[in-house]
Amino acid sequence: MATATKANTKIRLQPMGERVVVQRDQGEETTAGGIVLPDSAQEKPARGTIVAIGTGKLLDDGSRSTPQVKAGEKVLFSSYAGETVEIDDVEYLLMREDDILAVIE
């Protein structure tokens, strides 16, 4: 079980149950033609790195399933997945493990 922390802060983000914390990768700042895009025009990528994972989904028999992903893995997720959380000027996504579409190897 991993938690998301920042070196200069005491805030810890521990997802509950089947949730994971993902730090979204940075979007492209320039086009192929060399035009610089402002932040408002950049498309947010649907890929990122898992920073923290919860304990797993609670099953009907009371036990917990083992999470399929690990902290540090690069993943693809749906564009509208998760809730955005900002901690110390760093944007994280808090989403369900089911919202992850694939692990990038």
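Residues numbered from 1 in each chain as written. Predicted model: local features only at pLDDT ≥ 70, side-chain atom pairs only at ≥ 80, totals over all residues. Heavy atoms only, no water.

### A short note on the nonpolar core
Formed by Val20, Val22, Ile50, Ile53, Val69, Val75, Phe77, Ala81, Leu93, Met95 and Ile100, the largest nonpolar core amounts to 11 residues. Looking at this core, the elements with two or more residues in it are strand 3 (19-24), strand 4 (47-53), strand 5 (74-77) and strand 7 (90-96). Counting 6 residues, the second-largest nonpolar core is a separate cluster that includes Leu13, Val21, Val90 and Tyr92. (Core = buried A, V, L, I, M, F, W, Y, C linked by side-chain atoms within 4.5 Å. Buried < 20%, exposed > 50% of the residue type's maximum accessible area, 1.4 Å probe, protein only. Helix = DSSP H or I, 4+ residues; strand = E, 2+ residues; numbered from the N terminus.)

### Here's the deal with a nonpolar patch on the surface
On the surface, Leu76, Leu101 and Ile104 cluster together into a nonpolar patch covering about 250 Å² of accessible area. Along the polypeptide, Ile104 turns up in strand 8 (residues 100-104). (Patch = residues over 30% accessible without salt bridge, like charges linked within 9 Å, V, L, I, M, F, W, Y side chains within 5 Å. Areas by Shrake-Rupley, 256 points an atom, 1.4 Å probe, with all protein chains shown as cover. Salt bridge = Lys/Arg side-chain N within 4 Å of Asp/Glu carboxyl O.)

### Looking at the sheet that holds strand 4
If you walk across this open sheet you meet the 6 strands as 6-7-3-4-5-8, and the pairing is antiparallel. With partners counted over all chains shown, the strands left at the sheet margins are strand 6 (83-87) and strand 8, one partner each. Taking the axes of each pair of neighbouring strands and ignoring which way they run, one obtains an average angle of 40 degrees across the sheet. (Pairing = 2+ DSSP bridges. Axes fitted to C-alpha atoms, helices over the stretch in contact; angles between N-to-C directions.)

### Notes on the pattern of salt bridges
Applying the stated criterion across every chain, the model contains 2 salt bridges. Residue Asp25 is joined to Arg47 by a salt bridge in which the shortest nitrogen-to-oxygen separation is 3.5 Å. One end of the pair, Asp25, is in the loop between strand 3 and strand 4; the other, Arg47, is in strand 4, and 22 residues separate them in sequence. Note on Asp25: relative accessible area 22%, which makes it partly exposed.

### Some details on the pairing of strand 7
Note that strand 3 and strand 7 share 4 bridges and pair antiparallel. When the sheet's bridge partners are listed, Arg19 is paired in strand 7 with Arg96. The pairing of strand 6 with strand 7 spans 5 bridges and is classified as antiparallel. Within the sheet, the bridge partner assigned to Glu86 lies in strand 7 and is Glu91. Hairpin connection between strand 6 and strand 7: a loop of 2 residues separates the two successive antiparallel strands, and Asp88 in this loop has a positive phi of roughly 50 degrees.

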